[in-house]
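Each chain, letter by letter, is given below.
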Amino acid sequence: KLSAAEFAGKEDFQREVVRHIETTLARSLYNCDDGAAYGGAALAVRDQLVIRWNKTQQNQTIRDQKRVYYLSLEFLMGRALDNSILNLDVKDMARDGMGELGFRIEDVISQEHDAALGNGGLGRLAACFLDCLATLNYPAWGYGLRYKYGIFKQEIVDGYQVETPDYWLDFNPWEFPRHDVTVDIMFYGHVNQYTDENGKVVKVWEGGEIVKAVAHDVPIPGYKTNTVNNLRLWASQPASGEFDFQKFNSGDYEGSIRDQQRAETISAVLYPNDNIDAGKELRLKQQYFWVAASLHDIVRRFKKTHRPWSEFSDQVAIQLNDTHPTLAIVELQRILVDVETLHWDEAWDIVTSTFGYTNHTVLPEALEKWPVPLVQHLLPRHLQIIYEINLYFLQQVEKKFPKNREMLRNLSIIEESQPQVIRMAFLAIIGSHKVNGVAELHSDLIKSTIFKDFVAFYGPDKFTNVTNGITPRRWLHQANPKLSDLISSKLGGYEFLKDLSQLENLKKFLNDKEFVKDWMDIKLANKVRLAKYIKETNGIAVNPHALFDIQVKRIHEYKRQQMNIFGVIYRYLQIKEMSLEERKNLVPRAFIFGGKAAPGYWMAKTIIKLINGVGDVVNNDKDIGDLLKVVFLEDYNVSKAEMIIPASDISEHISTAGTEASGTSNMKFVLNGGLIIGTMDGANIEITREIGEENIFLFGNVAENVEDLRHAHRFGKVEMDPKLKKVCDTINSGLFGDANIYAGLLSSLTTGCDYYLVSDDFSSYLTTQDLVDEAFKDKDGWAEKSISSVALMGFFSADRCINEYADMIWNVEPLPEHK
Ligand code: 26M
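From a predicted model like this one, the values you see are computed outputs, not experimental measurements.

Trainee: Explain the sheet that holds strand 16 (residues 421–423) here, please?
Mentor: Strand-to-strand pairing in sheets goes through backbone hydrogen bonds, with the strands running parallel or antiparallel. In spatial order, the strands read 14-16-15; together these three strands make up an open sheet with antiparallel pairing. A strand with exactly one partner marks an edge of an open sheet, and here the two such strands are strand 14 (369–371) and strand 15 (414–415). Where strand 14 and strand 16 come together, three bridges link them in antiparallel fashion. From the neighbouring strand, P371 faces strand 16, where its bridge partner is V421.

Set out below in structure tokens:
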């Protein structure tokens, strides 16, 4: 054996697996199921990561370069074993090794519970970024919360979504609790003020409740590099002394347990809302708990270097993943001023040069605003600091725009509502040196709408764009190994996975008949696999040769799954009216949906019910057969995405223009050889620019027109499209279940003024779907679109994206890789 960080070979790997099964897991090899085999394999692979991880951390400390800290309340990681094996480049060995022990590697891998500590795009983006930061050897840490329950599991019962808790921690070999790395976090209490011997006013926050944050570390391996970075997740526990022995000894056992549970509640559960702010006190507690623990950790690490405070931002870059961690700005200012006794201005310079803020949404209902009374109660000192930040900021505004009351009102961190609220995005902007959106259109929109007055104040340079990306390791190599292998056979190895622009060389093979056939055979094989899964889970027989049309993402009115299912209904009615002769020309189509609705989001839940209602009718209509199928896949998550995405012929990204900040699954589908039907929204626009208009099916109104169209709806100036009217009438007839169920959904189109403009885009949507059918009949043409699109997807590697953040925002350099 060469070093502890390398398997000497297959036998060595097998020995390690068996050793872990027999000793660490205390299982007999004679009753070893897939679950135990997973445990053994995971622990054996983990050992390899840990050695590299320790060395990476040591190397980072010795080199003492600037580090990046990515603060995110969500990390939607999915499974770790397959990813680790691939990043360590030992997949073949693992397959053979496990095979000889009597296990199929795929079965072993699928034993793992997804780490689902996120809602959707924002959380998955954070996970992709971690992969890229490690792969590119950046010294970087993620900081998050260790939820006991991730996003709920979704079941479909009688067509409705039912949520059950996701307890994922019963066996999690990927985390290391660090009981020696803890931080006491204060809440509530009051601020004492006194004057010290030099006449300086000193403010001291005395908290009323103390909760302990315990670090749990997760190793993050890069692809084919020795770098293994750290993701630190904080768990809440009762602070020592908090567990009330007085109560316990006096017989109030329940009372003492209650205090303990109160502390543990903080990191108990992920809020399952995506793009909607519920404004709950516990959520604010989560945010402060996590932010305070992370900053304490970062400051502690910095202080070990004995540098002057003026060098803080030469050593530390902190990125705020949306406004959820905005309190970090206030907390750092508090530490510097109250604890480290720096002058306000000096501290504020350090703060603003340290932070960057990424905005992920323009939807008004998603912008965080915390009521002043709540913050006053929970974090009294922080409220004072926020007021002070606001005061100094508004003084600058007054200087730049004298006597402009409106400007002051527009830019104030405090919104003068009843009660007053704190606009977290404004605080994030004021406390950061850069603000970025996540796709070109989105970055332009934030500058011209929600943050317009900030651009007037700061000038445009503070605002920038970093178009999102995805990691090709997980979303091509791991999810679609056959396609990755085929590509590598043509490009001469797997280098493209680290330099995705190399995909361009695929263009040379567009006329290579054998290659094109292999390409389409792989697509078919992926469709067969999905069809088999659908048969097993939903009992629906889908013809693998049908056109697979997939929309998988969170269910939200702005993403317009309702428009998709209305289109399905229209298609169904059309087919019903056709003669047998006419039907012969049809392309069979399977519409596949998946996604979770926020538990309190009624309209989204109604959309799920309608999809299932339509499915029940269509799939059981003997007269329709293979021509149309409607499937709703339960519990869409990262590991299911890895199976679903490679199986698409076309996927739908059809949000109302201007509402989807970027979208990232659009990139995943195209990278896997699927085509897109979509609106001119988010990253769809840049995808079009990269792959060419001839390779994408675009339709619908552009963002520029949305305001006017909404206005027209409000003044009753829009006639409903007759095709949509027909669909509504059919739903109202009760064909898909009691019409009352859908009344709210239908009235949103009429009396609800159709805020998401379904009726404006419906007709061009249907027309474009017809073009999709035509294009699919031309098999060669379709293959050409598929291959040339993939060839031009290099831009959407999140490696590009991370390098842009590193250059434009963080000013950090990769660390030379250790041995
Ligand atoms: C807010 C308050 C309380 C509870 C939850 C939230 C909240 C949670 C998640 C708000 C927004 C959340 O996520 C927003 C999100 O996922 N945005 C998506 O970000 C992706 C990555 O940039 C983009 O690709 C998507 O277009 C954007 O919708």
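Trainee: It is not clear to me how the pairing of strand 19 (residues 547–552) should be interpreted in this structure. Could you clarify?
Mentor: If a strand is regular, its side chains alternate between the two faces of the sheet. Buried residues dominate strand 19, accounting for six of its six residues. Neither face of strand 19 is left uncovered, since the one carrying L547, D549 and Q551 and the one carrying F548, I550 and V552 both have all their residues buried. As judged from the six bridges shared by strand 19 and strand 20 (residues 589–594), these two strands associate in the parallel manner. Within the sheet, the bridge partner assigned to I550 lies in strand 20 and is I592.

Trainee: Is there a simple way to think about helix 1 (residues 10–24) in this case?
Mentor: Every α-helix winds through 3.6 residues per turn, so residues three or four apart in the chain are directed the same way. Its 15 residues give helix 1 an end-to-end C-alpha distance of 20 Å, which sits within 8% of 21 Å, the value for a rise of 1.5 Å per residue. Elements in contact with the buried residues of helix 1: helix 2 (34–63) and helix 4 (91–100). Where helix 1 terminates, the next one or two residues include A26, which has phi positive at roughly 50°.

Trainee: Explanation requested: the confidence of the model for the protein chain in the structure shown.
Mentor: Detailed reading of the predicted model is not advised wherever pLDDT is low. Residues at a pLDDT of 70 or more form 98% of the protein chain, whose mean pLDDT is 96. The ipTM assigned to the predicted complex is 0.97, against a pTM of 0.98.

Trainee: Honestly, the site of the ligand in this entry has me stumped. Any pointers?
Mentor: Among the 24 residues in the neighbourhood of the ligand, the closest are listed as G121, L122, H360, A661 and S662. The dominant element in the shell around the ligand, judged by the number of residues it contributes, is helix 6 (residues 121–135), at three residues. A breakdown of the residues in the shell around the ligand according to their chemical character gives seven nonpolar, 12 polar and five charged. When we break the shell around the ligand down by domain, the ones giving at least three residues each are domain 2 (64–79 + 114–467 + 804–810) and domain 3 (541–796).

Trainee: Help me out: how do you make sense of the UniProt feature "modified residue: N6-(pyridoxal phosphate)lysine" (unreviewed entry) in the protein chain in this one?
Mentor: In the numbering used here, UniProt assigns the "modified residue: N6-(pyridoxal phosphate)lysine" (unreviewed entry) feature to K668. As for its position among the elements, K668 is in helix 26 (residues 665–671). In contact with K668, other than residues within four places in its own chain, are I470, W475 and I645.

Trainee: Any chance you could explain the packing of helix 1 against helix 4 here in plain terms?
Mentor: Geometrically, a packed helix pair is captured by the angle between its two axes and the distance between the axes. The geometry of helix 1 relative to helix 4 is characterised by a closest axis approach of 9 Å and an angle of 60° between their N-to-C directions. What the angle tells us is that helix 1 and helix 4 run oblique. Here the hand of the crossing between helix 1 and helix 4 comes out right-handed. Contact residues: helix 1 offers K10, F13 and Q14, while helix 4 offers M93, A94, D96, G97 and E100. Taken together, the residues of the contact of helix 1 with helix 4 break down into three nonpolar, two polar and three charged.

So, how was this worked out
Residues numbered from 1 in each chain as written. Predicted model: local features only at pLDDT ≥ 70, side-chain atom pairs only at ≥ 80, totals over all residues. Pairing = 2+ DSSP bridges. Helix = DSSP H or I, 4+ residues; strand = E, 2+ residues; numbered from the N terminus. Buried ≥ 20, exposed ≤ 12 C-beta atoms within 10 Å, placed from the backbone. Expected span 1.5 Å × (residues − 1). Contact = placed C-beta atoms within 7 Å. pLDDT = per-residue confidence, 0-100. Near = placed C-beta within 6 Å. Nonpolar A, V, L, I, M, F, W, Y, C, P; charged D, E, K, R; others polar. Domains from an automatic or database assignment. UniProt positions renumbered as here; feature names shortened; annotations may be inferred. Axes fitted to C-alpha atoms, helices over the stretch in contact; angles between N-to-C directions. Parallel < 35°, antiparallel > 145°, perpendicular 65-115°, else oblique. Left-handed = near helix turned anticlockwise from the far one by under 90°.

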